[in-house]
Amino acid sequence: MGLKIQSDRWLVLNYVLSAPGEWTARSIADDIEEPFTAINEARMTLTRKGFIALGERVGRSYTLLPTVA
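Residues numbered from 1 in each chain as written. Predicted model: local features only at pLDDT ≥ 70, side-chain atom pairs only at ≥ 80, totals over all residues. Heavy atoms only, no water.

Observations regarding the packing of aromatic side chains
To be explicit about the condition: To pair, rings of Phe, Tyr and Trp, with the six-membered ring standing in for Trp, must have centres within 6.5 Å; the planes then decide the type, stacked if under 30 degrees apart, edge-to-face if over 60, and tilted in the middle. For a lysine, the NZ atom is tested; for an arginine, the CZ atom; a charge sits over a ring if that atom is within 6 Å of the ring centre and within 35 degrees of the ring normal.
The full count for this structure, using the stated rule, is one aromatic pair. For the cation-ring pair, Arg26 lies above Phe36, with the distance from its terminal atom to the ring centre recorded as 3.9 Å.

Structure below.
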């Protein structure tokens, strides 16, 4: 899967790689002032493709962790 620079998937992956386990989809959406639904869709795609994994639950969200992929 190719990632376009500055796409939602690219942004989510950069946040996860910069601080593993510290970001959730909701906190990323709040930080970049994007709709949560768009960021969550990017998170679901990256999870499905194996680029990120879900960590511990924080409220209604999960922290995001990078994988070896």
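Some remarks on the nonpolar core
Soluble globular proteins tend to bury their nonpolar side chains together. Counted only if it meets this: Remark: nonpolar core denotes a set of buried residues (Ala, Val, Leu, Ile, Met, Phe, Trp, Tyr, Cys) joined through side-chain atoms within 4.5 Å. Burial here depends on accessible area, computed with a 1.4 Å probe over protein chains only, as a share of the maximum for the residue type. Under 20% is buried, over 50% is exposed, and the range in between is partly exposed. Put simply, DSSP H or I for four residues or longer makes a helix, DSSP E for two residues or longer makes a strand, and each gets a number counted from the N terminus. Contacts are assigned to residue pairs that have any heavy atoms within 4.5 Å of one another.
The biggest cluster of nonpolar side chains holds 13 residues, and the ones touching the most others in it are Val12, Ile28, Ile39, Leu46, Ile52 and Leu64. The set of elements that each furnish at least two residues to this core consists of α1 (8-18), α2 (25-32) and α3 (36-48). When residues in this core are grouped by element, the largest group, four residues, is from α1. Contacts of Val12, omitting those with residues within four sequence positions, involve Ile28, Ile39, Ala42, Arg43, Leu46, Ile52 and Leu64.

Observations regarding the environment of Met44
With respect to the helices and strands, the residue Met44 is situated in helix α3. You can call Met44 partly exposed: its relative accessible area is 31%. On a C-alpha basis, the gap between Met44 and Ala25 in space is 9.5 Å, while along the polypeptide they are 19 residues apart.

What about the side chain of Ser61?
Here Ser61 is to be found in strand β2 (residues 61-66). The class of Ser61 is buried, set by a relative accessible area of 12%.

Thoughts on α2
Our working rule: Taken from the helix axis, the directions to the C-beta atoms give the arc we talk about.
Buried residues of α2: Ala25, Ile28 and Ala29, and no others. Projection of α2 onto a plane perpendicular to its axis shows the buried side chains occupying an angular sector of 100 degrees, all on one side. Of the residues one or two after α2, Glu33 is the one with positive phi, at around 55 degrees.

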